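Inside the fold
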Amino acid sequence: MSAAELVRAYRRRELSPVEAAKAALDAIAAHDGELNAFVLVDPPAALRAAAESEARWMSGTQLGPADGVPVAVKDLLLTRGWPTLRGSLLVDAAGPWHDDSPSVARLREAGAVLVGKTTTPEFGWKGVTDSPGFGVTRNPWDPALTSGGSSGGSAVAVAAGMATWAMGTDGGGSVRLPAAFTGTVGLKPTGGLIPMYPQGNNGLLSHRGPMARTVADVAGMLDVVAAYDPRDPAALPPPSASFVDGLDAGISGLTIAYSRTLGYGRNDPAVEAAVTKAVEVLADLGAKVEEVDPGFADPIEAFQLLWCAGAAKTLDRYRDADLSRVDPGLLRAGESGRAASVPAYLDALAVCTDLGIRMARFHERYDALVTPATPITAFAAGRDQPDGSPSEVWASWTPYTYPFNMTRQPALSVPCGFTGDGLPVGLQIVTARHQDALALRIGHAYEQCARWTDAVPPLRTTNELEGGAQ
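Residues numbered from 1 in each chain as written. Predicted model: local features only at pLDDT ≥ 70, side-chain atom pairs only at ≥ 80, totals over all residues. Heavy atoms only, no water.

1. Considering the overall build of the protein chain
Assigned secondary structure in the protein chain consists of 14 helices and 15 strands. Along the longest, intermediate and shortest principal axes, the C-alpha atoms of the protein chain span 60 × 55 × 50 Å. Within the protein chain, the proportion of its 470 residues that are buried is 59%. Residue pairs in contact within the protein chain that sit at least 24 positions apart in sequence constitute 76% of those at least 6 positions apart. (Helix = DSSP H or I, 4+ residues; strand = E, 2+ residues; numbered from the N terminus. Buried < 20%, exposed > 50% of the residue type's maximum accessible area, 1.4 Å probe, protein only. Contact = heavy atoms within 4.5 Å.)

2. Observations regarding the packing of helix 9 (residues 300–316) against helix 11 (residues 342–365)
Each pair of packed helices gets described by two things: the angle between the helix axes and the distance between those axes. The interhelical angle for the contact between helix 9 and helix 11, taken along N-to-C directions, is 125°, at an axis separation of 9 Å. Viewed along their axes, helix 9 and helix 11 adopt a mutual orientation that is oblique. The two elements helix 9 and helix 11 meet at a crossing, and its hand is left-handed. For the pair formed by helix 9 and helix 11, the contact residues are Ala302, Leu305, Leu306 and Ala309 on the first element and Ala344, Tyr345, Ala348, Leu349, Val351 and Cys352 on the second. By residue class, the composition of the contact of helix 9 with helix 11 is 10 nonpolar, no polar and no charged. (Axes fitted to C-alpha atoms, helices over the stretch in contact; angles between N-to-C directions. Parallel < 35°, antiparallel > 145°, perpendicular 65-115°, else oblique. Left-handed = near helix turned anticlockwise from the far one by under 90°. Nonpolar A, V, L, I, M, F, W, Y, C, P; charged D, E, K, R; others polar.)

3. Some remarks on the packing of helix 4 (residues 102–109) against helix 7 (residues 215–225)
For the pair helix 4 and helix 7, the least separation of the axes is 8 Å and the interaxial angle reads 100°. As the angle between them shows, helix 4 and helix 7 are arranged roughly perpendicular. Two secondary-structure elements touch here, helix 4 through Ser103, Arg106 and Leu107 and helix 7 through Met221, Val224 and Val225. Class assignment of the residues belonging to the contact of helix 4 with helix 7 gives a composition of four nonpolar, one polar and one charged.

4. Looking at the sheet that holds strand 2 (residues 70–74)
Pairing in this open sheet of 11 strands is mixed, and the strands run 1-3-2-8-10-9-14-15-13-11-12 from one edge to the other. The sheet terminates laterally at strand 1 (38–41) and strand 12 (288–291), the two strands that pair on one side only. Across the sheet, the mean angle from the axis of one strand to that of its neighbour is 25°, orientation sign disregarded. Along the sheet face, helix 2 (residues 17–35) touches strand 1, strand 2 and strand 3 (113–118) and points at about 135° away from the line of strand 1. Its contacts with the sheet place helix 5 (residues 152–159) against strand 1, strand 2, strand 3, strand 8 (165–170) and strand 10 (207–212), and it is angled at close to 155° to strand 8. (Pairing = 2+ DSSP bridges.)

5. Looking at the pairing of strand 14 (residues 411–418)
Within strand 14, seven of the eight residues are buried, which leaves the element mostly enclosed by the surrounding structure. Pairing analysis gives three bridges linking strand 9 (residues 185–188) to strand 14, with the strands arranged antiparallel. Among the inter-strand pairings, Gly186 is bridged to a residue of strand 14, identified as Ser413. Direction of pairing for strand 14 relative to strand 15 (residues 424–431): antiparallel, over a ladder of six bridges. Bridged to Ala411 within strand 15 is Val430. The turn linking strand 14 back onto strand 15 is made up of five residues, and Gly422 within it adopts a positive phi angle of 80°.

6. Brief notes about the nonpolar core
Ranked by size, the top nonpolar core spans 62 residues in total, and within it Leu107, Trp165, Leu222, Leu440 and Ile442 carry the most contacts. Sort the elements by how many residues they give to this core and helix 7 lands first, with seven residues. When residues no more than four places from it in sequence are discounted, the contact partners of Leu107 are Val71, Ala112, Trp165, Met167, Met221, Val224 and Val225. If you look at the next biggest cluster of nonpolar residues, it comprises 48 residues, including Phe303, Trp307, Ala311 and Ala348. (Core = buried A, V, L, I, M, F, W, Y, C linked by side-chain atoms within 4.5 Å.)

7. A closer look at helix 3 (residues 43–59)
Helix length check: helix 3 (17 residues) gives 24 Å between terminal C-alpha atoms against 24 Å at 1.5 Å per residue, within 8%. In this fold, the buried residues of helix 3 make contact with helix 1 (3–11), helix 2 and strand 3. Sitting at the head of helix 3, Asp42 places a side-chain oxygen 3.2 Å from the backbone nitrogen of Ala45. One or two positions beyond helix 3, positive phi appears at Gly60, with a value near 75°. (Expected span 1.5 Å × (residues − 1). Polar contact = N/O pair within 3.5 Å; in protein donor to acceptor, adjacent residues only side chain to side chain.)

Here it is in structure tokens:
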């Protein structure tokens, strides 16, 4: 059930938050042994929070549309009372763990039921989800395949019914990649809309993002977590309106640019076919669609320099630790970042500025830009790169996501169909900065026609798998 459906059932006393929490915990027990979406699950804490929510709903003192909604939190976000290990064996689990990150604090204050912490690659450094200490996170559509990353655990938790909402982070596509690979919805909002604390080492690339099975649920979650927090000096003022309001306004009259490759990518034909069909739906809904590229070259070199500099800074905190326990790819990224010069770093920042100006001008003509979320579908689990990847840089196989971290624009991934192999495909919707509501409105309009969110992964329980069920 969606969050909106849960809340309606709570209000009518047809369902209890305790029942919803138990259903989420049952799904975790049934499927997480195979999928590995969670690094921590706390049933007693979840059931206590659900019982408190139930009491509020029974007394008419509920806290709003998040009260009693089961939520999973990526293990890069501080969560009071639970270790935040960031996918690394270098982090001391003993803590102390006294603080919530801003988004977690807002969810807790709104009565959401936190069920656990989800998997991430070490310090969220790459676009798949595996780490030396916490294993491989697998795709519920085919467990032999990757979930994507770095918010892979959060995407799988939502896809597999282990949570209704999930919090992710996105520094180069880490919400949108796993959303596309798992058939879920993920938003990288305008930079600063969801405050951050502590600040990440990837600077302006870093974002926090809501993940769910529907656009409306992502919008509802954004209403909760898009709240000012003084611990983030770049935090935006609180929104003046609900992101849920206006979702049903339609898209007739909008001008939408469709770029198949951003001018430099290369797509799997099945992905391109699904995205092109989705764009035809947008046109049928009344949008004026033009096929056009935004006119910038691939900014991979600038992105990679900034990304690796962040990796170097992260690892500097652990320079006296046993680095043999660290993901080798992260070590290589840190070495590359450490070798970069200050002028080169400033040049990379200048690329971001130029790209942001170029896209701002582009959006003077076009309300939105749509692209594939990824040029490929999920590949083999446990690997950093798919076969035929154009380079050793992890982001090279996801060329459509990281440019919009560099510009800090909102970018939404919405399911737009399946390949012949039954794997989900994602449609990316990009709008101008501060136009998050418009991205959600376009995604919702498409979703209401396509209803790909009705599709459910062919999950089997661990017992069925051990019994040899086909």
